[in-house]
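What follows is each chain in one-letter form.
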Amino acid sequence: MPLARLLEQYVSLGIFVLAAGLSVFSFLAWRRERDGRMRIVTLGYAMFAVYGLIVFLEYPLLPYIPYATLELVEHGSSVLILGGLLAFFVALTRD
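Residues numbered from 1 in each chain as written. Predicted model: local features only at pLDDT ≥ 70, side-chain atom pairs only at ≥ 80, totals over all residues. Heavy atoms only, no water.

**Student:** So what exactly am I meant to see when it comes to a nonpolar patch on the surface here?
**Tutor:** A cluster of nonpolar side chains, contributed by Leu18, Leu22, Val24, Phe25, Phe27 and Leu28, occupies part of the molecular surface with about 580 Å² of accessible area. Within the secondary structure, Leu22 is located in helix H1 (residues 3–33). (Patch = residues over 30% accessible without salt bridge, like charges linked within 9 Å, V, L, I, M, F, W, Y side chains within 5 Å. Areas by Shrake-Rupley, 256 points an atom, 1.4 Å probe, with all protein chains shown as cover. Salt bridge = Lys/Arg side-chain N within 4 Å of Asp/Glu carboxyl O. Helix = DSSP H or I, 4+ residues; strand = E, 2+ residues; numbered from the N terminus.)

Next up, the structure:
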């Protein structure tokens, strides 16, 4: 596997693991404090985790799913990053 693919794989796996962990901690904080903003933060981190998982699974799924479809899903999943950033903005601006 070329260096660029390996780099993309490892970074996206790191995004998935870190965002999933932060999502779990945010969920636990929401359950403890019942602050609605923590629920929104949990959703934002979950969106980042799903994005990392999608990018990580792109190359292992290449033999089974057509390349054009995988590229469309990968590039379309960038909307999750936008959604996560908007979720953080909403959480910061809520009273």
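Here the narrative resumes, following the displayed structure.
**Student:** Which parts of the structure should I look at to understand the packing of H1 against helix H2 (residues 36–57)?
**Tutor:** When two helices pack together, their arrangement is given by the angle between the helix axes and by the axis-to-axis distance. Where H1 meets H2, the axes come as close as 7 Å, and the angle between the chain directions of the two elements is 160°. Judged by the inter-axis angle, H1 sits roughly antiparallel to H2. H1 and H2 meet at a crossing whose hand is left-handed. Its residues assigned to classes, the contact of H1 with H2 comprises 18 nonpolar, 7 polar and 2 charged. (Axes fitted to C-alpha atoms, helices over the stretch in contact; angles between N-to-C directions. Parallel < 35°, antiparallel > 145°, perpendicular 65-115°, else oblique. Left-handed = near helix turned anticlockwise from the far one by under 90°. Nonpolar A, V, L, I, M, F, W, Y, C, P; charged D, E, K, R; others polar.)

**Student:** It is not clear to me how the side chain of Ser26 should be interpreted in this structure. Could you clarify?
**Tutor:** Within the element layout of this structure, Ser26 appears in helix H1. The exposure class of Ser26 is buried, given its relative accessible area of 7%. Those residues in contact with Ser26 that lie beyond four places of it in its chain are Met38, Val41, Thr42 and Tyr45. (Buried < 20%, exposed > 50% of the residue type's maximum accessible area, 1.4 Å probe, protein only. Contact = heavy atoms within 4.5 Å.)

**Student:** Got a minute to help me understand the packing of aromatic side chains in this structure?
**Tutor:** Any two aromatic rings considered together are summarised by their centre-to-centre distance and by the angle between their planes. Applying the stated criterion across every chain, the model contains 3 aromatic pairs. Pairing Phe27 with Trp30 gives two aromatic rings, centres 5.7 Å apart and planes at 40°, and the pair type is tilted. Here Phe27 pairs with Trp30, and both are found in helix H1, just 3 residues apart, close to one helical turn. Put simply, the rings of Tyr45, Phe48 and Phe88 touch in pairs and so form one group of aromatic residues. Directly above the ring of Trp30 sits Arg34, whose terminal nitrogen or CZ lies 4.8 Å from the centroid. (Phe/Tyr/Trp six-rings, centres within 6.5 Å; stacked < 30°, edge-to-face > 60°. Lys NZ or Arg CZ within 6 Å of the ring centre and 35° of its normal.)

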